[in-house]
Amino acid sequence: MIHLENLAGMSRYGRMRAKFRYYFLAPWMVGIWEFQLNRLNKENIQLYEKFHQEGIVASAKGRRVGGFRVIPVEREIKDDREIQPYEKVSEIIETNSKFAVADCICRKESEILGDKCDKLLEACMTFGVAADYYIENGMAREISKEEAKQILYKAEEDGLVHCSSNHKGNKIFICNCCGCHCKALAFLTKHNMPGLISQSNYYALVDAATCDGCTTCIDRCQVNAIEMIDEIAAVKRERCIGCGLCVSTCPTGSISMVHKQPGYLSHIYDDDFDLMQARAKDTGKAFPFD
Ligand code: SF4
Ligand code: SF4
């Protein structure tokens, strides 16, 4: 029988602490792989990459349950209807009381391999028990609520996509992802229709009458969802993940975020447990595991 305190020393396998200590089987991503943040070197990065491509990416083919949800840039949502709390970065920050920020493991790996990303490196945010875990294990620094908000603004300025788990419950992390180095977003970008896989209730729309064809939005979009047709920008709906990044930098204010119609809204799970059950079912397994 494995003594629980031995497990505590095996934090690389995933342990979190709340009022009472408890243990859980962490997934590979977000989980075991991110917890290697302070152990990265050129050799193990190659091994992680091999496992990621041959194990994770290969096994993801045919899956229908998306674990990630894109959280749109909040100030770009001008929709009359109420924005759901799980779609508001400000709500996620306000409902948490402890905050930590760590380097993004994707961009840190790239830097070690000599392919440095020019976007914000210290951008991986955790809250509550997840923040405790990251701080306790020397992977993140504790920050104030105000600094957490500033980091999220900086991430938006840098053109990073806010992502978190696809459920309505309390969020314990926000990833700020780039399309060039982030494993999840890069995987999505390679897909023909990332807009159908990513879980977001919005898409971008260009007003062709005011667009001056400057192409700023093309550089801004992380998933290649915008093309120029007769020198006017046009959004490819099947590629748009509804992040809102293109809206803020359009000099003519020609882009707006549109709420999807009922029937096209992406499914959101009740909480982490509900999501884990759905993901297990998607792979033919039971959760909690037998
Ligand atoms: S940034 Fe705005 S004005 Fe420039 S091409 Fe895109 S939609 Fe048109
Ligand atoms: S077009 Fe690109 S940048 Fe704009 S909302 Fe869609 S995915 Fe985001």
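Residues numbered from 1 in each chain as written. Chains lettered and ligands numbered in written order. Predicted model: local features only at pLDDT ≥ 70, side-chain atom pairs only at ≥ 80, totals over all residues. Heavy atoms only, no water.

Participant: Looking at this structure, I do not really get the nonpolar core. What am I missing?
Facilitator: Note that soluble globular proteins tend to have their nonpolar side chains buried in a common cluster. Grouped together as the largest cluster of nonpolar side chains are 53 residues, with contacts concentrated most on M125, V161, L185, I241 and I255. Of all hydrophobic cores here, the second largest spans 19 residues; its members include A26, L40, Y134 and A140. (Core = buried A, V, L, I, M, F, W, Y, C linked by side-chain atoms within 4.5 Å. Buried < 20%, exposed > 50% of the residue type's maximum accessible area, 1.4 Å probe, protein only.)

Participant: Please explain the packing of aromatic side chains as it appears in this structure.
Facilitator: Geometrically, a pair of aromatic rings is defined through the distance of the ring centres and the angle of the planes. Considering all chains together, one arrives at seven aromatic pairs under this definition. Arranged with centres 5.8 Å apart and planes meeting at 75°, the rings of F99 and F127 form a pair that is edge-to-face. Of this pair, F99 sits in strand β4 (residues 99-103) while F127 sits in strand β5 (residues 122-127); the two residues are 28 residues apart in sequence, bridging distant segments of the chain. Classification of F99 as buried rests on a relative accessible area of 3%. (Phe/Tyr/Trp six-rings, centres within 6.5 Å; stacked < 30°, edge-to-face > 60°. Helix = DSSP H or I, 4+ residues; strand = E, 2+ residues; numbered from the N terminus.)

Participant: So what exactly am I meant to see when it comes to the site of ligand 2 here?
Facilitator: The local shell around ligand 2 consists of A204, C221, V223, A225, I226, C240, I241, G242, C243, G244 and C246. In terms of residue class, the shell around ligand 2 is made up of nine nonpolar, two polar and no charged. (Near = heavy atom within 4 Å. Nonpolar A, V, L, I, M, F, W, Y, C, P; charged D, E, K, R; others polar.)

Participant: Before we go on, may I ask you to explain the state of the cysteines in this structure?
Facilitator: Should the sulfur atoms of two cysteines be covalently bonded, the bond is a disulfide. Here the structure, examined in full by the defined rule, presents zero disulfides. Free of any disulfide, C175 has its nearest neighbouring cysteine sulfur in C177, separated by 4.9 Å. Of the residues examined, C175 reaches a relative accessible area of 13% and is grouped as buried. Left unpaired, C182 is separated from the closest cysteine sulfur, that of C177, by 3.5 Å. When its relative accessible area of 5% is taken as the criterion, C182 is described as buried. (Disulfide = S-S within 2.5 Å.)

Participant: Can you walk me through the sheet that holds strand β3 (residues 68-71) in this structure?
Facilitator: Each strand in a sheet pairs with another by means of backbone hydrogen bonds, the pair being arranged parallel or else antiparallel. In spatial order, the strands read β3-β7-β8-β5-β4-β6; together these six strands make up an open sheet with antiparallel pairing. The outermost strands of the open sheet, each flanked by one partner alone, are β3 and β6 (141-143). Each strand of the sheet is rotated relative to its neighbour by a mean of 35°, with strand direction disregarded. As paired strands, β3 and strand β7 (residues 161-165) are joined by four bridges and run antiparallel to one another. Looking across to β7, one finds that R69 is bridged to S164. (Pairing = 2+ DSSP bridges. Axes fitted to C-alpha atoms, helices over the stretch in contact; angles between N-to-C directions.)

Participant: Mind showing me how you'd approach the environment of A155 here?
Facilitator: In this structure, A155 sits in helix α7 (residues 145-157). When its relative accessible area of 0% is taken as the criterion, A155 is described as buried. For the pair A155 and L120, spaced 35 residues apart in sequence, the C-alpha to C-alpha distance is 6.5 Å. Ignoring sequence-local partners within four residues, the contact set of A155 consists of L120, L160, H162 and N176. (Contact = heavy atoms within 4.5 Å.)

Participant: Explain the site of ligand 1 here, please?
Facilitator: Lining the immediate environment of ligand 1, one finds 13 residues, of which C211, C214, C217, C250 and T252 sit closest. Here the shell around ligand 1 is composed, by residue class, of eight nonpolar, four polar and one charged.

Participant: Whenever I open this one, the pairing of strand β12 (residues 255-259) confuses me. Can you help?
Facilitator: On any regular strand, side chains alternate: one points to one face of the sheet, the next to the other face. Here β12 shows a buried face lined by I255, M257 and H259 and an unburied face lined by S256 and V258. Two strands pair when backbone bridges link them, and strand β9 (residues 202-206) and β12 are joined in this way by five bridges, in the antiparallel orientation. Within β12, the residue paired with L205 across the bridge is S256.

Participant: Teacher, can you tell me more about α7 here?
Facilitator: Residues separated by three or four positions in an α-helix point in the same direction, a consequence of the helix having 3.6 residues per turn. With 13 residues, α7 should cover 18 Å at 1.5 Å per step; its first-to-last C-alpha distance of 19 Å lies within 8% of that length. All of the buried residues in α7 are A148, I151, L152, A155 and E156. Projected down its long axis, α7 carries its buried residues within an arc of 140°, all on one side. Downstream of α7 by one or two residues, G159 has phi in the positive range, about 85°. (Expected span 1.5 Å × (residues − 1). Arc of directions from axis to C-beta.)

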